[in-house]
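Tertiary structure, described
Here are the chains, one letter per residue:
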Amino acid sequence: GEDVEQSLFLSVREGDSSVINCTYTDSSSTYLYWYKQEPGAGLQLLTYIFSNMDMKQDQRLTVLLNKKDKHLSLRIADTQTGDSAIYFCAESMSTSYDKVIFGPGTSLSVIP
Amino acid sequence: NAGVMQNPRHLVRRRGQEARLRCSPMKGHSHVYWYRQLPEEGLKFMVYLQKENIIDESGMPKERFSAEFPKEGPSILRIQQVVRGDSAAYFCASSDQDLNTEAFFGQGTRLTVV
């Protein structure tokens, strides 16, 4: 069946890099997403990657995809206290949001 | 441009009561999605609606749960005769098309059944 797994907690020091990992089971996934949820807020799309890509970089964010191992990671360079949030990995075979499968979320705590 | 608005933010219901959760999509959006998040789990899709139509309800429990998105007004997720297992965060998202468009999420309604 379809499943997305993430570790639930990550703690890093301000200024260090954070790496949030995710594994998924559906090899036919075409779209892989990272969402951020700040306290009391809704989910915000951070970035996404197509399954035919290995890497995508956007300012401090780097997404790496290992399709063979079905492993997705989000690296945040120079982590700031404002990056403290829950990060959800999600995968889908289409862009229709009734088909998106979310992971449980990784709670990132940034220590000043 | 206000984002997706959900209310109430927090809702407490006794077992057996009804819960009504409201979602006002972003202006101009005609597609609404409801998700449920249980503790330490990911968001699980429940139902996808367009104005006055249910497009996909494959994630909805067969009993006690219903959803609507009328021509005028917000989308409503209704849970009848709530049980403790219904306690969760319920998120709504909206988009202006069902393909190739980002969906925007609301802040969620946290339902607690006591």
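Predicted, not measured: the structure shown is a model, and the values here were computed from it.

A word on the overall build of chain A. Across its full length, chain A carries 0 helices and 11 strands. Its C-alpha atoms give chain A principal-axis dimensions of roughly 40 × 30 × 20 Å. When the 112 residues of chain A are sorted by exposure, 46% land in the buried category. Long-range pairs, those at least 24 residues apart, make up 57% of the contacts in chain A between residues at least 6 apart in sequence. With the model as given, the accessible surface of chain A reaches about 5300 Å², and the carbon-plus-sulfur share is 50%. Of the charged side chains in chain A, 9 are positive and 14 negative; the average position of the first set lies 3 Å away from that of the second.

Below, the discussion takes up the state of the cysteines. Cysteine pairs can be covalently joined through their sulfur atoms, and such a bond is termed a disulfide. All names here are of chain A. The full count for this structure, using the stated rule, is 2 disulfides over all chains. C22 shares a disulfide with C89; S-S distance 1.9 Å. Taking the sign of the torsion about the S-S bond as the criterion, the disulfide between C22 and C89, at about -65°, is left-handed. On the criterion of sequence distance, the pair formed by C22 in strand 3 (residues 18–24) and C89 in strand 9 (residues 85–92) is long-range, its members being 67 residues apart. A relative accessible area of 1% places C22 in the buried class.

Now for the packing of aromatic side chains. Residue and element names in this part refer to chain A. Scanning all chains against the criterion turns up 11 aromatic pairs over all chains. A centroid spacing of 6.0 Å and a plane angle of 40° characterise the contact between Y33 and Y35, whose relative ring orientation is tilted. Neither residue differs from the other here; Y33 and Y35 are each classed as buried. With 6.4 Å between their ring centres and 45° between their planes, Y33 and Y48 make a pair best called tilted. Pair noted here: Y33 is in strand 4 (residues 31–37) and Y48 is in strand 5 (residues 43–50), with a separation of 15 residues, a long-range link. Residue classification places Y33 among the buried positions, given a relative accessible area of 4%. Over the aromatic face of Y48 sits the side chain of K56, whose NZ or CZ is 4.1 Å from the ring centroid.

Let's shift gears to the interface of chain A and chain B. Of the residues lining the interface, 17 residues belong to chain A; the matching set on chain B comes to 22 residues. Both faces combined, the contact of chain A with chain B buries some 1600 Å², and carbon together with sulfur accounts for 54% of it. In terms of surface lost to chain B, no three residues of chain A exceed A:Y97, A:D98 and A:F102, which account for 35% of the buried area on that side. Counting across the interface, chain A meets chain B through 0 salt bridges. Within the residue set of the side of chain A that touches chain B, elements represented by two or more residues are strand 4 and strand 5 of chain A. Of the residues assigned to the side of chain A that touches chain B, the class counts are 9 nonpolar, 6 polar and 2 charged.

Residue and element names in this part refer to chain A. Overall, antiparallel pairing links the 5 strands, which are arranged 1-3-8-7-6 in an open sheet. Only two strands of the sheet have a single neighbouring strand rather than two, namely strand 1 (4–6) and strand 6 (55–58). Each adjacent strand pair in this sheet contributes to an overall mean axis angle of 15°, direction not counted. As judged from the 4 bridges shared by strand 6 and strand 7 (residues 61–66), these two strands associate in the antiparallel manner. Each residue of the ladder has a partner; that of M55, found in strand 7, is L64.

A separate point is the nonpolar core. By size, the foremost hydrophobic cluster in this structure holds 23 residues, and its most contacted members are B:W34, B:M46, B:L77 and B:Y90. In this structure B:L77 touches B:A19, B:R20, B:L21, B:W34, B:M46, B:M60, B:S66, B:A67 and B:Y90, once residues within four positions along its chain are discounted. A:L43, A:F88, B:F45 and B:A103 belong to the second-largest nonpolar core, a separate cluster that totals 20 residues.

Conventions used here
Residues numbered from 1 in each chain as written. Chains lettered and ligands numbered in written order. Predicted model: local features only at pLDDT ≥ 70, side-chain atom pairs only at ≥ 80, totals over all residues. Heavy atoms only, no water. Helix = DSSP H or I, 4+ residues; strand = E, 2+ residues; numbered from the N terminus. Buried < 20%, exposed > 50% of the residue type's maximum accessible area, 1.4 Å probe, protein only. Contact = heavy atoms within 4.5 Å. Areas by Shrake-Rupley, 256 points an atom, 1.4 Å probe, with all protein chains shown as cover. Lys, Arg positive; Asp, Glu negative; His and termini not counted. Charge placed at Lys NZ, Arg CZ, Asp CG, Glu CD. Disulfide = S-S within 2.5 Å. Phe/Tyr/Trp six-rings, centres within 6.5 Å; stacked < 30°, edge-to-face > 60°. Lys NZ or Arg CZ within 6 Å of the ring centre and 35° of its normal. Buried area = accessible area lost by both parts, 1.4 Å probe. Salt bridge = Lys/Arg side-chain N within 4 Å of Asp/Glu carboxyl O. Nonpolar A, V, L, I, M, F, W, Y, C, P; charged D, E, K, R; others polar. Pairing = 2+ DSSP bridges. Axes fitted to C-alpha atoms, helices over the stretch in contact; angles between N-to-C directions. Core = buried A, V, L, I, M, F, W, Y, C linked by side-chain atoms within 4.5 Å.

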